[in-house]
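What follows is each chain in one-letter form.
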Amino acid sequence: MAFRFVHTADLHLDSPLRSLSLRDPDLADLIGDASRRALSAIVDLCIEEAVDALLIAGDLYDGEQTSMKTARFLAREMERLHQAGIRVFKIRGNHDALSRITAELTLPPNVHVFGGRAEMIRLRAGPLDVALHGVSFSRPQAPESLLPKFKPALPDSANVGLLHTSLAGAPGHDVYAPTSVPELLATGFSYWGLGHVHGRAEHGSAGGRVVMPGMPQGRDVNEGGPKSVTLVTIRDDRSVEIEERVTSLAEFSRVGVDLTGVEEWREAVERIGRALEQGRDAARSRFLVARLHLRGRTPLAFRLRRDTDLLLAEAAARAERVGQVFVEKLVLETEPPPSEAADAGPLLELGRLMREDVARSDGTRQAVRALAEKLRDELPAEARGFAGGSEAEFESFLDRLLVDASEDMLARLSHGSEETV
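For every chain, the first residue of its written sequence is number 1, and the numbers climb from 1 along that sequence. Local features in this predicted model are restricted to residues of pLDDT 70 or higher, and side-chain atom pairs are both shown and tallied only at a pLDDT of 80 or more, whereas totals for entire chains, interfaces and linings draw on every residue. Only hydrogens and water are set aside; all other atoms, that is, all heavy atoms of the structure, feed into the side-chain values.

**Focus: helix α5 (residues 265-282)**
And step 1. Each helix is a run of H or I in the DSSP string that is no shorter than four residues. Each strand is a run of E no shorter than two, and both are numbered from the N terminus. Helices are assigned an expected span. That span is 1.5 Å times one less than the residue count. Over its 18 residues, α5 extends 26 Å from the first C-alpha to the last, a length consistent with the 26 Å expected when each residue adds 1.5 Å.
And step 2. Buried residues along α5 sit against β13 (250-258), β14 (287-297), α6 (301-306), α7 (308-322) and β15 (325-335). Contact criterion: two residues are considered in contact whenever any of their non-hydrogen atoms come within 4.5 Å of each other.

Dropping the structure here:
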């Protein structure tokens, strides 16, 4: 006999997707529904593997905006587990503490939500005694460690802990219930099921494991790659085996396209198509959402920047041809070859002057800063990494925006000069 369970965290049901909805409504629909479908996939996995329990380590919801429609969906999924005889144990994270339905939603009797005081629940799996420990966030903030609240490990039992924590800190994540892997391993627990940080991490050995499963479905390119949950088996001797199981419907990826030496528009589009095919082959989820990074020295550099809207349409058509692929955005990092740059002397000089003027103009920089800060502040905390994780990185982000604006204007002027020749 063994105690078997699925460990997940950070589904963030109803997470807003403002940036995607502005660019591509179809893509926004796909990703907007993906977190729910990931939850359904998790329930399917629990039933197929006939596990004893599902453990949710916080942030099932995404805060105040959680809808009652989502609440009803959640109740139906929990009922599926109830009918299969599978128990659910959940702690509240910082986003759950904001959710108005946290206190209102009535879930089936198989669901246990740990409170703000640490609890220990004793279970039995054949000859194996299991002590399940958990504590929830009472408020959205938890600046101090919650580890001292936990009861000591129960002797001669498999002790399993649920904790929502930023550990020692992670880029893009505020500090919540800080602790460390050595402190967790020192408790003698067989398994610590964590939540909060959206990237997967595993620590420890078969005698004691600490796992941050990451989120089961990414929401933007900063949460790229396949997303998963953890299938855990604790045997009678209290040894622990873990398996990663992919649950993401769609995965985000930065796809590089080398356009060095490409002279024809058609060849550029062909290279984009091949890169998308390779990205699709490497993806482990059903759908790929690609952010294309076009690089290299090419005579097409000015035209690519000038006609980015046309290029994006071409890339989207190629993505549709590949199948189950979306192009989320184009990032142009191409440059003209040295010979072409020399021929465009007056325009390049103008471009240099424009960049210098932008760099000196406090008014322009402050206006761009205000727009960037407004967008950043409107996004959930986990999606704010697009502008960097520090003040220095944010300044570099503003530099790139201003340079890109100058390059766009230069490309337009280049097009105008070609038409007058």
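**A look at helix α3 (residues 68-83)**
And step 1. The terminal C-alpha atoms of α3 lie 22 Å apart, and with 16 residues this matches the ideal 22 Å at 1.5 Å per residue to within 8%.
And step 2. The set of residues buried in α3 consists of Thr-70, Ala-71, Phe-73, Leu-74, Ala-75, Glu-77, Met-78 and Leu-81.
And step 3. Where α3 terminates, the next one or two residues include Gly-85, which has phi positive at roughly 75°. Under the scheme applied here, a residue whose accessible area is under 20% of the maximum for its type counts as buried, over 50% as exposed, and between as partly exposed, the area being computed with a 1.4 Å probe on protein chains only.

**Remarks on the side chain of Glu-251**
And step 1. Mapped onto the fold, Glu-251 is located in strand β13.
And step 2. The convention is simple: Lys and Arg are positive, Asp and Glu are negative, and His and the chain ends are not counted. A side-chain nitrogen of Lys or Arg and a carboxyl oxygen of Asp or Glu constitute a salt bridge if their distance falls within 4 Å. Among buried charged residues, Glu-251 stands out as having no salt bridge; its nearest opposite-charge side chain is Arg-280, 6.2 Å away.
And step 3. Counted as a polar contact is a pair of N or O atoms within 3.5 Å, where, for protein atoms, one must be capable of donating a hydrogen and the other of accepting one, and residues adjacent in sequence contribute only when both atoms are in side chains. Polar side-chain contacts of Glu-251 include one of 2.9 Å to the backbone nitrogen of Arg-284.
And step 4. Polar side-chain contacts of Glu-251 include one of 2.8 Å to the side chain of Ser-285.
And step 5. Those residues in contact with Glu-251, other than ones at most four positions away along the chain, are Gly-225, Pro-226, Ala-283, Arg-284, Ser-285, Phe-287, Leu-288 and Val-289.

**Side note on the confidence of the model for the chain**
And step 1. Per-residue pLDDT for the chain averages 84, and the proportion of residues at 70 or more is 75%.
And step 2. No element of the chain has a lower mean pLDDT than helix α9 (residues 345-360), which averages 51, and none a higher one than α5, which averages 98.
And step 3. Within the model, pLDDT remains below 50 along residues 415-421, and this stretch shows 3 contacts once partners closer than five positions in the same chain are excluded. As a per-residue measure, pLDDT reflects the predictor's confidence and takes values from 0 up to 100.

**So, the packing of helix α2 (residues 25-49) against α3**
And step 1. Simply put, an axis is a line fit to the C-alpha atoms, just over the touching stretch for a helix, and the angle between two N-to-C directions goes from 0 to 180 degrees. α3 packs onto α2 with a crossing angle of 10° between their chain directions and a minimal axis gap of 10 Å. It follows that α2 is roughly parallel to α3 by the angle criterion. Only Lys-69, Thr-70, Phe-73, Leu-74, Glu-77, Met-78, Arg-80 and Leu-81 of α3 make contact with α2, whose side of the interface consists of Arg-36, Leu-39, Ser-40, Val-43, Asp-44, Cys-46 and Ile-47. To sort the angles, those under 35 degrees are grouped as roughly parallel, those over 145 as roughly antiparallel, those from 65 to 115 as roughly perpendicular, and the leftovers as oblique.

**A word on the pairing of strand β2 (residues 53-57)**
And step 1. Within β2, 5 of the 5 residues are buried, which leaves the element mostly enclosed by the surrounding structure.
And step 2. Going residue by residue along β2, you find Ala-53, Leu-55 and Ala-57 tucked away on one face and Leu-54 and Ile-56 tucked away on the opposite face as well.
And step 3. Bridge analysis of strand β1 (residues 2-8) against β2 gives 4 bridges, and the strand direction is parallel. The residue of β2 that forms the bridge with Val-6 is Leu-54.
And step 4. One requirement defines pairing of two strands: DSSP has to find at least two bridges between them. Bridge analysis of β2 against strand β3 (residues 87-91) gives 5 bridges, and the strand direction is parallel. Paired with Leu-55 across the bridge in β3 is Phe-89.

**Overview of the sheet that holds β15**
And step 1. Strand order in the open sheet formed by 3 strands is β13-β14-β15, with parallel pairing between adjacent strands. One side of each edge strand has no neighbouring strand; the edge strands of this open sheet are β13 and β15. Within this sheet the neighbouring strands show an average axis-to-axis angle of 15°, counted without direction.
And step 2. The sheet contact formed by β14 and β15 spans 10 bridges and is parallel. Bridge assignment links Gly-296 to a residue of β15, and that residue is Thr-334.
And step 3. Where α5 meets the sheet, its contacts fall on β13, β14 and β15, and the angle it forms with β14 comes to roughly 135°.
And step 4. Against the sheet, α7 makes contact with β14 and β15, and its axis sits at roughly 135° relative to β15, the strand it touches most.

**Quick look at the packing of aromatic side chains**
And step 1. Within 6.5 Å between ring centres, the rings of Phe, Tyr and Trp (the latter by its six-membered ring) count as paired, and their orientation is classed by plane angle as stacked under 30 degrees, edge-to-face over 60, tilted in between. Using the criterion set out here, one finds 6 aromatic pairs in the structure.
And step 2. Ring centres of Phe-89 and Phe-114 lie 6.5 Å apart, and the angle between their planes is 40°; on these two criteria the pair is classed as tilted. Of this pair, Phe-89 sits in strand β3 while Phe-114 is found in the loop between β4 (111-113) and β5 (119-125), placing the two residues 25 residues apart along the sequence. For the pair Phe-89 and Phe-114, one class covers both residues: buried.
And step 3. Both rings, one in Phe-287 and one in Phe-326, keep their centres 6.5 Å apart while their planes meet at 45°; by these two values the pair is tilted. With Phe-287 in strand β14 and Phe-326 in strand β15, this residue pair connects regions lying 39 residues apart in the sequence.
And step 4. Under the relative-accessibility criterion, Phe-287 is labelled buried at 13%.
And step 5. Ring pairs connect the aromatic residues Phe-3, Phe-5 and Tyr-191, which therefore count as one cluster.
And step 6. Here, over-ring charges are defined by two tests on the NZ atom of lysine or the CZ atom of arginine: distance to the ring centre within 6 Å, and angle to the ring normal within 35 degrees. We note Arg-36 situated over the ring of Phe-73; from NZ or CZ to the ring centre the distance is 5.8 Å.

**A short note on the environment of Ala-268**
And step 1. Note on placement: Ala-268 falls in helix α5.
And step 2. Considered as a pair, Ala-268 and Leu-300 are 32 residues apart in the sequence and their alpha carbons are 8.7 Å apart.
And step 3. Dropping the residues within four chain positions of it, Ala-268 is found in contact with Leu-259, Val-262 and Leu-300.

**Focus: the pattern of salt bridges**
And step 1. Applying the stated criterion across every chain, the model contains 19 salt bridges.
And step 2. Between Arg-291 and Glu-328 there is a salt bridge, and its shortest N-O distance comes to 2.8 Å. In this pair, Arg-291 is assigned in strand β14 and Glu-328 in strand β15, connecting sequence segments 37 residues apart.
And step 3. In this structure Glu-328 comes out as buried when scored by relative accessible area, which is 7%.
And step 4. With a closest N to O distance of 2.8 Å, Arg-306 and Asp-307 form a salt bridge.

**With respect to the sheet that holds β5**
And step 1. Taken together, the 6 strands give an open sheet; going across it, the order is β5-β6-β7-β8-β10-β9, and neighbouring strands pair in mixed fashion. Each having just a single partner strand, β5 and β9 (201-205) make up the two edges of the open sheet. Each adjacent strand pair in this sheet contributes to an overall mean axis angle of 15°, direction not counted.
And step 2. Sheet topology places strand β8 (residues 191-196) next to strand β10 (residues 208-212); 3 bridges connect them, and they run parallel. Across the sheet, the residue bridging to Gly-193 is Val-211, located in β10.

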